[in-house]
Every structure is written in C-alpha cells, then in structure tokens.
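One-letter residues, chain by chain:
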Amino acid sequence: MPFNQKPQKFNANINTVEIGCGDKAIKLGGECTFPFYTFDAPMENAPKVGVEISDMGLAEIPGIQAYYAGAESMADIAKKAEAMEGADFVCLRLEGGDPNGENKSVEDLIAVVKEVAEAVTCPLVVEGCKNVEKDSELLPKVAEALQGKNALVLSAREENYKAVGAAAGLAYNQKVGAESAVDINLAKQLNVVMTQLGVKAQDIVMNVGSAAVGYGFEYVVSTMDRIKGAALSQNDNMLQMPIITTVADESWSVKEAMASEEDMPEWGALEDRGISMEVQTAAAVLAAGSDAVILKHPQSVATISKMIKELM
C-alpha cells in the first residue's frame, strides 16, 4: 500500500524580522512549519549565519589568525568577516567591557562600534559584555550610535530589559534581542514584558540560550521544540519571535575545544575539535528551531551555510 504524505499545516507563522538596510538586509523567521520541514511547506526565509568578531581582537586559533592575516584594525577585521564565505551578517561582541575583565569604558567601546559600523555594509548585530549593570549602560549607547542602521542589539535580559528595550526598540528603532536561560516560560515572560514596555513583537528576536553539544543539550532542544510548537500549533503570539543562537562562545569554551594536544593527544588536533564542536552545535540548534546562528571559524561558517542551502 503506497504511503501518502499529508502535509502538516499551521494557521500561524513565526514573525519576520528584518535586520540591516538596503540590498544586504536579511529577514529572520517567517516560517509556518517546523525547521526544514519543506515537505510540509516552503520555508519563507532560510536560516542565517553570522560571523562573531570581538573588540578584544582575534582568537588564538591558527585558522582564524590565517584568515584575518593583514587585518590591523577593527575595521579591517570587520571587512574580512563580512567577506567570509557563507556569512550573512557580522556580530560584534563587546567582551572588553566586562568589569571583571578589561573593563573598557563605554566611550572606548562605542568608538569600536562606530568603526565597525562604518566598515561594513551587511547587517550588524552587537552583543554586550554579559555584565548586566555594564550592559544597561552600554547597550543604550550602542543603539544610539547605530541610528539608521536597523541593527540588532543583544541582549535585553529580565534585569535590564527596560533600559535596553526602551533605547533600542523605542528611542532608536533598532531590533532587540530578548535573552533568557533555556526555559520556555522565561522566554515568554520576557517577550510579554518587552511588549508591555512598548517594543513591537515584530522588533524582537529571541536568544533563548544554548549549550555546546553534549553539555546538557537536551534542554536546549526541548526548549526550542516547545517554543516552536506553541508558536505554530497553539498560535501563541508571545512565542512567535524568531530565534538567534550565539554558538561560537559556547562551542569554543568547552574542554574538547580547549584541552591541549599534549594533554589529550588521543583527541586529535585542537583546532579540528573546536570546528567540530561549533559545526555540530550549530547544526543541532538549527534543526531544533533557531533562525540564525553566530559562529567564528571560517570553516564552520562555510560548512553550516552549505548545509542550510542543501536542506532548503
């Protein structure tokens, strides 16, 4: 007896959020089906791949150092990132602002933001230093400095969403990243309070958290599955924001990507391990529901971009 596939159709969509300006602007979300279920319905917009760069300079990884060879300024690094094979946008991470680290001033960090923004023509995503108090001061200034760029500012959290959301989403017409910690209820609650603040649901992108594959990753998968399921099958408009996942930071900070070849010779080449962790994590979160991933190794970016194209 022949098998007849019955498409699973939903009367709901993930919001479409546009980042950037002009011909290089990208659209996140828009789908009305589960990730890569193109046998049910075409995906409105393919998932996007971003390249992470940092105000702290380049990671001490041979492949990354080689790719950016000759880049002497943040502008040079940003241009190289934009030109990377498979890149759709650039993500500037302002990790130097961390008070427990370099503790760079807001003024110095804004100068970096402006330098990068002037150097690239692709969409720009800016991530803070992960310190809530510093980001509450820094990210509104970032939103102001990027007026007219239609950038995505990561991330507003429960502790600082009023400061970040009001500046980025209301005062300066940027897109806002709503960051929560791998929990559907926390993700929804943050979206609710952001919209109550006045930020349009269509201007919010969720960063629901992640982990490197093998590190409690089942929580990531189940959270994203539940979010997409509620958004589409239950038409929950407080969970219909597209998802962006910062894969690079998680993937390159686990022991498989950090343990030296001298300590763990049986694990193989250090850089190959890091690339593998980054590719596997990115592929997994895309299959689970992420609409964009942020990576940093050129080989990872090219591999995931090719995977997306072949699955579309």
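As a starting point, this report considers the structure included with it. All values reported here derive from a predicted model rather than from experimental measurement.

### Regarding helix H6 (residues 184–197)
Point 1. Given a rise of 1.5 Å per residue, 14 residues ought to cover 20 Å, and the 20 Å separating the end C-alpha atoms of H6 matches this to within 8%.
Point 2. The complete set of buried residues in H6 reads Ile184, Ala187, Leu190, Asn191, Val192, Val193 and Met194.
Point 3. If you follow the buried residues of H6, they end up packed against strand S6 (152–156), helix H5 (161–171), strand S7 (175–179), strand S8 (204–207) and helix H7 (217–233).
Point 4. The N-cap of H6, judged by a side-chain oxygen 2.8 Å from the amide nitrogen of Asn185 a few residues on, is Asp183.
Point 5. Where H6 terminates, the next one or two residues include Gly198, which has phi positive at roughly 120 degrees.

### Some details on a negative patch on the surface
Point 1. A cluster of like negative charges, contributed by Glu261, Glu262, Asp263 and Asp272, occupies part of the molecular surface.
Point 2. Topologically, Asp272 is positioned in helix H10 (residues 270–288).

### Points about the pairing of strand S3 (residues 48–54)
Point 1. The buried fraction of S3 is high, at seven of seven residues.
Point 2. Neither face of S3 is left uncovered, since the one carrying Lys48, Gly50, Glu52 and Ser54 and the one carrying Val49, Val51 and Ile53 both have all their residues buried.
Point 3. With four bridges connecting them, S3 and strand S10 (residues 292–295) associate as parallel partners. Following the sheet pairing, Val51 is matched in S10 by Leu295.
Point 4. Looking at chain direction, S3 and strand S4 (residues 89–93) are connected through five bridges and run parallel. Opposite Gly50, over in S4, you have Phe89 as the bridge partner.

### Comments concerning the sheet that holds S7
The strands making up a sheet associate through hydrogen bonds between their backbones, and the pairing can be parallel or antiparallel.
Point 1. The eight strands lie next to each other as S8-S7-S6-S5-S4-S3-S10-S9, forming an open sheet whose pairing is parallel. On the outer flanks of this sheet lie S8 and strand S9 (244–246), each paired with one strand and no other. For this sheet the average axis-to-axis angle between neighbouring strands, irrespective of direction, equals 25 degrees.

Here is what the cut-offs are and how they apply
- Residues numbered from 1 in each chain as written.
- Predicted model: local features only at pLDDT ≥ 70, side-chain atom pairs only at ≥ 80, totals over all residues.
- Heavy atoms only, no water.
- Helix = DSSP H or I, 4+ residues; strand = E, 2+ residues; numbered from the N terminus.
- Expected span 1.5 Å × (residues − 1).
- Buried < 20%, exposed > 50% of the residue type's maximum accessible area, 1.4 Å probe, protein only.
- Contact = heavy atoms within 4.5 Å.
- Polar contact = N/O pair within 3.5 Å; in protein donor to acceptor, adjacent residues only side chain to side chain.
- Patch = residues over 30% accessible without salt bridge, like charges linked within 9 Å, V, L, I, M, F, W, Y side chains within 5 Å.
- Areas by Shrake-Rupley, 256 points an atom, 1.4 Å probe, with all protein chains shown as cover.
- Salt bridge = Lys/Arg side-chain N within 4 Å of Asp/Glu carboxyl O.
- Lys, Arg positive; Asp, Glu negative; His and termini not counted.
- Charge placed at Lys NZ, Arg CZ, Asp CG, Glu CD.
- Pairing = 2+ DSSP bridges.
- Axes fitted to C-alpha atoms, helices over the stretch in contact; angles between N-to-C directions.

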